[in-house]
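Chain by chain, the residues run as shown.
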Amino acid sequence: MGHFVQPFLPWKYRLRVDKELRHAGLERNLTCMNMSALQLLAGLTGTLLMMWVSVRVLSRPLGLSLLLAIVPGLFCGWLPRHWLRLRGRQRQRQILKAFPFMLDMTTLCVESGLNLQGALIQTARLSPEGPLRQALGHALNDMRAGMPRLDALRAMADRTGVQALRQWVTAMAQADALGMGLGPILRAQSDQRRSERFLRAEKLAMEAPVKMLLPLVLCIFPCTFIVIAFPIGMKLLHSGLS
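Everything numeric here is computed off the predicted structure, so don't read it as measured data. (Residues numbered from 1 in each chain as written. Predicted model: local features only at pLDDT ≥ 70, side-chain atom pairs only at ≥ 80, totals over all residues. Heavy atoms only, no water.)

1. Things to note about the overall build of the protein chain
Stated formally: Numbering of helices and strands starts at the N terminus; helices are DSSP runs of H or I of at least 4 residues and strands are runs of E of at least 2. The reference for a compact globule is 2.2 Å times residues^0.38; the radius of gyration itself is calculated from the C-alpha atoms. Exposure categories follow from relative accessible area, calculated using a 1.4 Å probe and restricted to protein chains: below 20% of the type maximum is buried, above 50% is exposed, and the middle band is partly exposed. Charge counting follows a simple rule: Lys and Arg are positive, Asp and Glu are negative, and His as well as the terminal groups are ignored. To locate a charge, take atom NZ for lysine, CZ for arginine, CG for aspartate or CD for glutamate.
Check the secondary structure of the protein chain and you find nine helices and zero strands. Counting from the amino terminus, helix and strand elements in the protein chain follow one another as α-α-α-α-α-α-α-α-α. Relative to the 2.2 N^0.38 estimate, which gives 18 Å for 242 residues, the radius of gyration of the protein chain is 27 Å and therefore markedly larger than a compact globule would have. By principal-axis analysis of the C-alpha atoms, the protein chain measures approximately 90 × 55 × 25 Å. Within the protein chain, buried positions represent 33% of all 242 residues. The centroid of the 30 positive side-chain charges in the protein chain is displaced by 10 Å from the centroid of its 14 negative side-chain charges.

Here it is as structure tokens:
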């Protein structure tokens, strides 16, 4: 199915899907052709299932059933891309959460006398398992294969799509070009990333009451009004009957 769909895929779609696969860490497991085939399969499955329900269960005509099945089919075809984007965002949140610890470990190793590559090797060895450790290991493998250090770090930032990593790589490139010490820059980056993580947590905490408002209005408030109004309504009903 993927080979059948591939000639009809526009280049913008391919570039977007490849970027989303890199951000989700699935570029080694899936390709744009696989994702397009999965979308087509999900869309056809949703369309046929809705048509079967409309014809067999609801006894609708075939033409009307086909029209009714278009929207569920499009929705089912959209779900794989939505899952891919959600996975990419979740991976980026995990990277942002582990990034300050990685900077602290790198700073400690650099201030102990190691160069940047040696500090990154020790950081990758001592860091907890997660997407950031995997991305750092990939970058170190690129360095061992002969890629320049800054190019490997830029490629790691592009694969993850995390803006904080891009800023860190840019700071490392500027320090390398100007001959500045890496220790103070890494420590400043670590403090900034930790402050940003605290601000993100504070923002999420302030958004929680707003997100809870809709479930309260739709679910809890009607039940509360029913419980309060039921005795009053019964008294009014009995007084009217009497």
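There's more to say after this.
2. Some thoughts on the side chain of Thr47
Rules: The contact rule is simple, with two residues in contact once any of their heavy atoms fall within 4.5 Å.
Tracing the backbone through its elements, the reader meets Thr47 in helix H3 (residues 32–57). Here Thr47 falls in the buried class, since its relative accessible area comes to 18%. Setting aside residues up to four positions removed in sequence, Thr47 forms contacts with Ala69 and Gly73.

3. Observations concerning the environment of Asp104
For Asp104, the position within the fold is in helix H4 (residues 62–111). On the basis of relative accessible area, Asp104 is assigned to the partly exposed category, the value being 33%. The residues contacting Asp104, other than those within four sequence positions of it, are Ser190 and Arg194.

4. Concerning the pattern of salt bridges
This is how the line gets drawn: One speaks of a salt bridge when a side-chain nitrogen belonging to Lys or Arg is within 4 Å of a carboxyl oxygen belonging to Asp or Glu.
Applying the stated criterion across every chain, the model contains eleven salt bridges. In this structure, Arg159 and Asp142 form a salt bridge, with 3.7 Å as the shortest nitrogen-oxygen distance. Taken together, the residues Arg159 in helix H7 (residues 149–160) and Asp142 in helix H6 (residues 131–144) connect sequence positions 17 residues apart. Classification of Asp142 by relative accessible area gives buried; the value is 17%. The salt bridge partner of Arg193 is Glu196, with a shortest N-O separation of 2.9 Å. With Arg193 and Glu196 both in helix H9 (residues 182–241) and three residues apart, this pair spans about one turn of that helix.

5. Quick notes on the nonpolar core
Most often, soluble globular proteins have nonpolar side chains that are buried together. Note the cut-off: Put simply, buried Ala, Val, Leu, Ile, Met, Phe, Trp, Tyr and Cys residues joined by side-chain atoms within 4.5 Å make one nonpolar core.
In terms of nonpolar packing, the biggest core is built from 33 residues, with Phe99, Leu120, Leu153, Met156, Leu165, Trp168 and Met172 touching the most fellow members. Among the secondary structure elements, those contributing two or more residues to this core are H4, helix H5 (116–126), H6, H7, helix H8 (163–178) and H9. Here this core gets eight residues from one element, more than from any other, and that element is H8. Beyond its immediate sequence surroundings of up to four residues, Trp168 is in contact with Phe99, Met102, Leu103, Leu120, Leu153, Met156, Leu186 and Gln189. Counting ten residues, the second-largest nonpolar core is a separate cluster that includes Val5, Tyr13, Val17 and Leu21.

6. Here we look at a nonpolar patch on the surface
Note the following rule: Residues enter patches when they are more than 30% accessible in relative terms and free of salt bridges; like-charged ones are connected within 9 Å and nonpolar ones (Val, Leu, Ile, Met, Phe, Trp, Tyr) within 5 Å. Every accessible area reported is derived by Shrake-Rupley at a probe size of 1.4 Å, with residue values counting cover from the shown protein chains alone.
A cluster of nonpolar side chains, namely Met1, Phe4, Phe8, Leu40, Leu41, Leu44 and Leu48, defines an oily patch on the protein surface of about 740 Å² accessible area. The biggest single contributor to the nonpolar patch is H3, with four residues. Residue placement: Leu40 occurs in helix H3. Under the relative-accessibility criterion, Leu40 is labelled partly exposed at 31%.

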